[in-house]
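In case you want the letters, here they are:
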Amino acid sequence: MDKCSPGCGQKHCGACCGGSCSGCGGTLQLTQGEIDLLFCFAQIPFLPVALEEKSGQPVFLEEGEARAAQLSPIISALSQKGLIRLDYDLPLSNFDYGKYRAFPRCGSMALTAAGLQAVEQLEIQGIEEESNA
């Protein structure tokens, strides 16, 4: 998947493309878990998130506690790639954070412009699997 924003017009230092641009023609490698979560964001643009203070990892409990441990590194990876934004100081309006009471910082996460572009490319172009030939 091409990481550059069309018409970006920048020097591809990473700042304009969510920190993940490596120049035009670069590719973005995503795991199946990352792709699945991106498609979830495409359907529900804002999701709750909490911060696990000891580990510094994001916590998403909406799919159950067992799944939360699997999702934490996926959320971190998408954030590091600049595809989602984690905002622990911006909670969702009218959302019951009852499940998240154990965490002192609760907020929201959402697609960035680069994340939206990635979802659109996945929907239009599909997924090109890397071969190990």
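Refer to the structure printed above.
Residues numbered from 1 in each chain as written. Predicted model: local features only at pLDDT ≥ 70, side-chain atom pairs only at ≥ 80, totals over all residues. Heavy atoms only, no water.

Points about the overall build of the protein
Our working definition: Strands here are runs of E lasting at least two residues and helices are runs of H or I lasting at least four, both read from the DSSP assignment and numbered beginning at the N terminus. When accessible area is computed with a 1.4 Å probe and restricted to protein chains, residues below 20% of their type maximum are described as buried, those above 50% as exposed, and intermediate ones as partly exposed. Contacts were defined at the residue level, with two residues in contact if any of their heavy atoms lie within 4.5 Å. Per-residue accessibility takes into account occlusion by the displayed protein chains alone, with areas from the Shrake-Rupley method and a 1.4 Å probe.
When its secondary structure is counted, the protein shows 3 helices and 4 strands. Each helix and strand of the protein, placed in order from N terminus to C terminus, yields the pattern α-β-β-α-β-β-α. For the protein, the residues scored as buried account for 42% of the 133 residues in total. Once local pairs closer than 6 in sequence are excluded, the contacts in the protein between residues at least 24 apart make up 64%. Summing over all exposed atoms, the protein offers an accessible surface of approximately 8,000 Å²; the carbon and sulfur share of this is 50%.

A few points about helix 2 (residues 65–80)
Keep this limit in mind: Every helix has an expected span of 1.5 Å times one less than the residues it contains. Values of bend correspond, residue by residue, to the angle between axes fitted over the seven residues ending at that residue and the seven starting there.
Between the first and last C-alpha of helix 2 there are 23 Å, a value that for 16 residues agrees with the 22 Å anticipated at 1.5 Å per step. When the local axis directions of helix 2 are compared, the greatest deviation, roughly 35°, occurs at Leu71, which is followed within four positions by the proline Pro73. Those residues of helix 2 that fall on the buried side of the exposure criterion are Ala68, Leu71, Ser72, Ile74, Ile75, Ser76, Ala77 and Leu78. Here the buried face of helix 2 lies against helix 1 (32–43), strand 2 (57–59), strand 3 (84–87) and strand 4 (105–111). Following helix 2 by one or two positions, Gly82 has its phi on the positive side, about 80°.

Things to note about unusual backbone geometry
Located in the positive-phi region is Asn94, a residue other than glycine, with phi close to 60°. With respect to the helices and strands, Asn94 occurs in the loop between strand 3 and strand 4. Accessibility expressed as a relative area gives 84% for Asn94, which makes it exposed.

A short note on helix 3 (residues 113–125)
Between its terminal C-alpha atoms helix 3 stretches 18 Å, which fits the 18 Å expected from 13 residues at 1.5 Å a residue. Within helix 3, burial applies to Ala114, Gly115, Gln117, Ala118, Val119, Gln121 and Leu122.

Quick word on the packing of helix 1 against helix 2
Applicable threshold: Working convention: axes come from line fits to C-alpha atoms, limited for helices to the stretch in contact. Angles between N-to-C directions cover 0 to 180 degrees. Small angles under 35 degrees read as roughly parallel and large ones over 145 as roughly antiparallel, with 65 to 115 read as roughly perpendicular and the rest as oblique. Nonpolar residues are Ala, Val, Leu, Ile, Met, Phe, Trp, Tyr, Cys and Pro. Charged residues are Asp, Glu, Lys and Arg, and all others, Gly as well, are polar.
At a closest axis distance of 10 Å, the pairing of helix 1 and helix 2 adopts a crossing angle of 80°. Classified by the interaxial angle, the pair formed by helix 1 and helix 2 is roughly perpendicular. On helix 2, the residues touching Gly33, Glu34, Leu37 and Leu38 of helix 1 are Ile74, Ile75, Ala77 and Leu78. Of the residues belonging to the contact of helix 1 with helix 2, the class tally is 6 nonpolar, 1 polar and 1 charged.

Points about the sheet that holds strand 1 (residues 46–52)
Formally: At least two DSSP bridges between two strands are needed for those strands to be called paired.
Strand order in the open sheet made by the 4 strands is 2-1-4-3, with antiparallel pairing throughout. Only two strands of the sheet have a single neighbouring strand rather than two, namely strand 2 and strand 3. When strand polarity is set aside, the average angle formed by the axes of neighbouring strands in this sheet is 35°. Strand direction decides the pairing type here: strand 3 and strand 4, joined by 4 bridges, are antiparallel. Its bridge partner lying in strand 4, Asp87 is registered against Ser108. Where helix 1 meets the sheet, it contacts strand 1, strand 3 and strand 4, and its direction lies at approximately 90° from that of strand 4. Seen against the sheet, helix 2 touches strand 2, strand 3 and strand 4 and runs at an angle of roughly 115° to strand 2.

Functional significance is not addressed by these values, which are geometric in nature.
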